[in-house]
Amino acid sequence: MNNDETKSFCASGIDASCRVPLLALFGGAVLWLVLGLVLGLAAAMSFHKPDMFANCACLNYGHAQAAANDLILYGFVIPAALGVMLWIFARLSQAPLALPIVPVVAANLWHLGVLIGTASILMGDSTGYTWLEYPRAAAVLLFAAFMLIAVSAAATMGFRANREMYPSHWFLFAALLWFAWAYSTANLFLLSGHPPRGVVQAIIGWWFANNLLFVWLGLAGIGIAFYFLPKLAGKPLASSGYALFAFLTLIFFGTWCGIPRSAPVPAWLPSTSTFAAMLSVIPVLAIAIVAWKTVRRGPFSLTFGPCCFMRFGTLSFVGSSFLYIGGYCPHGSRVLDFTWFGFAVTQWQLLGFIGMILCGAIYYILPRIMEKELPQPGLAKASFFFLVGGVLLYVVPLLVGGVLQGLKLVDDQVAFEKAGEAALMCFRISTTGQALMLVGALILLLNILILTMHWKLGLLKTAIAAVKAPLESSSAPGEVKS
Amino acid sequence: MKTGLSVFLVSFFALGASWLGFVYAPLQQLGGEKQTVILQSTDNWPLQRTGEATLGLQVYRANGCVACHTEQVRQSGAANEISLISLGPNKAADFKEFIKSMMIVPDLINYSNTIVGNLEKWNGDLPVTLYSGDDNTVVSTLTDKLKPAGVKTDARLVASGTDIARGWGTRQSVAADYLYDEPIQLGNVRAGPDLTTVGVREPDLNWQLQHLYAPRSVVPSSTMPPFRYLFELRKKINGQASPEALVLHEGFTPPAGMEVVPTTEARQLAAYLVSLKANAPLYEAPFTPVTAAK
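Predicted, not measured: the structure shown is a model, and the values here were computed from it.

Draft legend 1. Quick peek at the overall build of chain A. Helix and strand content of chain A: 15 helices and zero strands. Taking the principal axes of the C-alpha coordinates as reference, chain A spans close to 100 × 55 × 50 Å. When the 482 residues of chain A are sorted by exposure, 62% land in the buried category. Nonlocal contacts in chain A, meaning residues at least 24 apart in sequence, comprise 85% of its contacts between residues at least 6 apart.

Okay, here's the thing in structure tokens:
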């Protein structure tokens, strides 16, 4: 069914129905990605030259890094994933997008929320909870926008021609519920004015962060990959049974991770998380097998287009998930906790896994919804190298630095400063990766801007033609009269 | 998985179970937590912070200090330790012989190698650790046997671990320590040192302010960015320094005729840092505090 529906007669009509909502989601998302990478670079400068922002409150490391992280997650990943999800639902349903005006409104609400949240963090009004830094006003906007998009997505799914659900449906539909529940729980408990006492705040924060960064990203990213991998390989998805197994194990085991080994909480909480993390190896392996069987021996040409993005993203999911799980091992966590390792894994999940899958999806969807080829295909290829090279250059040194730092931190004979020094050089190398990613993101933004301009110019031309046409025809009989 | 409803129900059940486990259950277990009592004392723990320090937590939050600092100490184990404080009327050589002769006592016989070994390495300086390990009966037996000989010993329960060896605390952090932290700022990266007991290590407000204004003026190897925006650089009035002006080390002083005055936020942040002293022995994190009994 995955391959059939593209050939269906109304594919271009479906794509056209997605045009405005997807442009609103993608355009803003990629703009936030660029801004997030710029802020990330600014934050990293504190490790090159600590005095740089000594007089500038809004760009010091604590402000800029939190704002950059949230811009990548809430600014780029979530709206872009929602956009791709809407398109996939419409294509799988073989029906145009339901309620297309709703996601347009929602996209603007969402971007407004991100703007308010980012400005608040930079001005020192962050809530202080990791991944929930946006204050209440922004959180309400984000939640409302998400629910609106979810309504449109669910309605589109409901109108599907073929009642049988495709594996991507499970993953993406579950993702809609997941975010709504986790985000509302975390915000209601932590930002409602009377947060619970002491460490309960931290426990709820960890539960939320795990459900967002591991489960939600996994559901959304793998849901999208399971749609595109077979499509681009020209083969059906290897096995629906395996995919179902992966889906069930991911949502049942993955959701219990999240409490770090070192947490100052009753021991049953981190122990449960460690156990669940070990079990989470199962869905990751199952997803790896499905993906491998699907793309194996398929036609593969090094086009550096969407196909390569998807494959790199899926590979990153497997790699980053194994490292994420490794952070819960009793012995591993002694070394890796409180180092740059955890930070690196999160960045890999956000930029290397779902970020690359989304970039690939945007490059695939954009020419179709705009009914126009990318202006510079060579430039798009170059952006693959900038983005993937940037991710590798960003994440790998941080991982190495984190391990080096951890090995020095556990040895109490080594001075604390030495542990910091061990990671500093790696951190500095990783900054070049951020710069490369920024170039790649700028190219993507440029592509979207040019296509949008073309489309708007086209609209303008039709409008002008429409204005002119009746004048000429009405003047013609006038001449006759005179 | 044929219908949307089945996917919804399965997801609802999966997420609902973890919600019950990791949101509802901790709320029931820890959400109603109250002050506890410090071990062998009637004092309550933790105490509500004073006004300036409470506001300082918000400055800490607003500036994202949590991006580089943790507020949690890990512990890998605990040991019963007995150390020799004073020999009394005895001579060191006699004391060694005495200890060796005592090793036939049933409680000690298994540890004779360790205890005698510790003494062989001893160069005569006091205090010296006689035994450090899991077995509490060794400590109590040695205390009982040595007391009549006029030898002063000190029996203690000590927590061990890298964080504790680094001087970041005397015991592990426990849930009770964070009762009044809103928002809680545990942190997950140690680009800078742990701050759980920074108020014990550096109790001087002026040191904290100097460190915030110019970290390398007090810690030469520091990589912390300076927080000069929390301070005001202003002209001295009639050449007179304000009583609130920061006293800075040489090389970090402002230009002549100028002075550096901490803003309210800087003073609140310093007050908060000084208030971080999670080092009281608790039921769930016991240890014997070092008393100044000398």
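Having seen the model, we can carry on.
Draft legend 2. Highlighting the packing of helix 3 (residues 92-102) of chain B against helix 4 (residues 112-120) of chain B. All names here are of chain B. Following both chains from N to C, one finds helix 3 and helix 4 inclined at 170°, their axes separated by 10 Å at the closest point. Judged by the angle between their axes, helix 3 and helix 4 are roughly antiparallel. Residues F95, K96, I99 and K100 of helix 3 form the contact with helix 4, whose participating residues are I115, V116, L119 and E120. Tallied by class, residues from the contact of helix 3 with helix 4 come to five nonpolar, no polar and three charged.

Draft legend 3. Looking closely at the sheet that holds strand 3 (residues 77-86) of chain B. All names here are of chain B. A sheet is described by the order of its strands in space; here three strands give the open sequence 4-3-5, paired in antiparallel fashion. Each edge of the sheet is formed by a strand with only one pairing partner; in this case those strands are strand 4 (128-133) and strand 5 (152-160). Across the sheet, the mean angle from the axis of one strand to that of its neighbour is 25°, orientation sign disregarded. Bridge analysis of strand 3 against strand 4 gives five bridges, and the strand direction is antiparallel. Counterpart to I82 in the pairing with strand 4 is Y131.

Draft legend 4. Spotlight on the state of the cysteines. All names here are of chain A. Per the counting criterion, the structure on display carries zero disulfides over all chains. The thiol of C257 is unpaired, and the distance to the nearest cysteine sulfur, on C329, comes to 11 Å. Under the relative-accessibility criterion, C257 is labelled buried at 1%.

Draft legend 5. Expanded view of the pattern of salt bridges. Going through the model one piece at a time under the given rule, you end up with 13 salt bridges over all chains. By sharing partners, the salt bridges in this structure join R74, D163, R190 and D194 of chain B into a single network.

Draft legend 6. Representation of the interface of chain B and chain A. Each partner contributes residues to the interface: chain B has 69 residues there, and chain A has 77 residues. When chain B packs against chain A, close to 6200 Å² is buried across both sides, 68% of that on carbon and sulfur atoms. Between chain B and chain A we count two salt bridges in total. Residue R216 of chain B is joined to D51 of chain A by a salt bridge in which the shortest nitrogen-to-oxygen separation is 3.2 Å. Our enumeration of links across chain B and chain A arrives at 24 residue pairs in polar contact (both at pLDDT 80 or more). Counting only elements with at least two residues in the side of chain B that touches chain A, the list comes to helix 1 (4-30), helix 2 (51-62) and helix 6 (162-165) of chain B. Sort the elements by how many residues they give to the side of chain B that touches chain A and helix 1 of chain B lands first, with 21 residues.

Draft legend 7. Quick peek at a nonpolar patch on the surface. On the surface, a nonpolar cluster with roughly 300 Å² of combined accessible area is contributed by L392, V396, V400 and L404 of chain A. The residue V400 of chain A is located in helix 14 (residues 377-409) in this model.

Draft legend 8. Highlighting the pairing of strand 3 of chain B. Two elements, strand 3 of chain B and strand 5 of chain B, share nine bridges in a ladder whose sense is antiparallel. By the bridge assignment for strand 5 of chain B, A78 of chain B is matched with A159 of chain B.

Draft legend 9. View of the packing of aromatic side chains. Residues and elements named next belong to chain A. Within this structure, the stated rule accounts for 39 aromatic pairs over all chains. Between the aromatic rings of W340 and F343, the centroid separation amounts to 5.4 Å while the plane-to-plane angle is 75°, which identifies the pairing as edge-to-face. A residue pair is termed a helical-turn pair when its members lie 3 or 4 positions apart in one helix, as W340 and F343 do in helix 13 (residues 340-370) at three residues. Of the two residues, W340 and F343, both sit in the buried class. Here the aromatic residues Y74, W110, Y134, F146, F179, Y183, F208 and W216 are joined through ring pairs into a cluster of three or more. When the ring centre of Y364 is taken as origin, the NZ or CZ atom of R368, which lies over that ring, is 3.7 Å away.

Draft legend 10. Examining the side chain of H111 of chain A more closely. Within the secondary structure, H111 of chain A sits in helix 4 (residues 101-122). Once residues within four sequence positions are removed from consideration, H111 of chain A is found in contact with A24, L25, G28, A29, W32 and P79 of chain A.

Draft legend 11. Looking closely at the confidence of the model for chain B. Residues with a pLDDT of 70 or more make up 98% of chain B, whose mean pLDDT is 90. What the predictor reports for the complex is a pTM of 0.93 with an ipTM of 0.92.

Draft legend 12. Here's a closer look at unusual backbone geometry. Look at the link from W45 of chain B to P46 of chain B: it is a cis peptide, with omega at -10°. Looking at where P46 of chain B falls in the secondary structure, it is placed in the loop between strand 2 (44-45) and helix 2. For E371 of chain A, which is not a glycine, the phi torsion comes out positive at approximately 50°. By secondary structure assignment, the location of E371 of chain A is in the loop between helix 13 and helix 14. Among the residues examined, E371 of chain A registers a relative accessible area of 52% and is labelled exposed. In this structure, N238 of chain B is a non-glycine residue whose phi angle is positive, near 55°. Relative to the assigned elements, N238 of chain B resides in the loop between strand 6 (231-235) and strand 7 (258-262). By relative accessible area, N238 of chain B is classed as exposed at 76%.

Draft legend 13. Fine view of the confidence of the model for chain A. Residues and elements named next belong to chain A. In this model, chain A carries an average pLDDT of 92, and 94% of its residues clear a pLDDT of 70 or more. Here residues 1-9 is a poorly scored stretch, pLDDT under 50, and it has 22 contacts once near neighbours within four places are set aside; other chains count. Throughout residues 475-482 the model reports pLDDT below 50, and contacts reaching past four residues in sequence, or to other chains, amount to zero contacts.

Analysis parameters
- Residues numbered from 1 in each chain as written.
- Chains lettered and ligands numbered in written order.
- Predicted model: local features only at pLDDT ≥ 70, side-chain atom pairs only at ≥ 80, totals over all residues.
- Heavy atoms only, no water.
- Helix = DSSP H or I, 4+ residues; strand = E, 2+ residues; numbered from the N terminus.
- Buried < 20%, exposed > 50% of the residue type's maximum accessible area, 1.4 Å probe, protein only.
- Contact = heavy atoms within 4.5 Å.
- Axes fitted to C-alpha atoms, helices over the stretch in contact; angles between N-to-C directions.
- Parallel < 35°, antiparallel > 145°, perpendicular 65-115°, else oblique.
- Nonpolar A, V, L, I, M, F, W, Y, C, P; charged D, E, K, R; others polar.
- Pairing = 2+ DSSP bridges.
- Disulfide = S-S within 2.5 Å.
- Salt bridge = Lys/Arg side-chain N within 4 Å of Asp/Glu carboxyl O.
- Buried area = accessible area lost by both parts, 1.4 Å probe.
- Polar contact = N/O pair within 3.5 Å; in protein donor to acceptor, adjacent residues only side chain to side chain.
- Patch = residues over 30% accessible without salt bridge, like charges linked within 9 Å, V, L, I, M, F, W, Y side chains within 5 Å.
- Areas by Shrake-Rupley, 256 points an atom, 1.4 Å probe, with all protein chains shown as cover.
- Phe/Tyr/Trp six-rings, centres within 6.5 Å; stacked < 30°, edge-to-face > 60°.
- Lys NZ or Arg CZ within 6 Å of the ring centre and 35° of its normal.
- pLDDT = per-residue confidence, 0-100.

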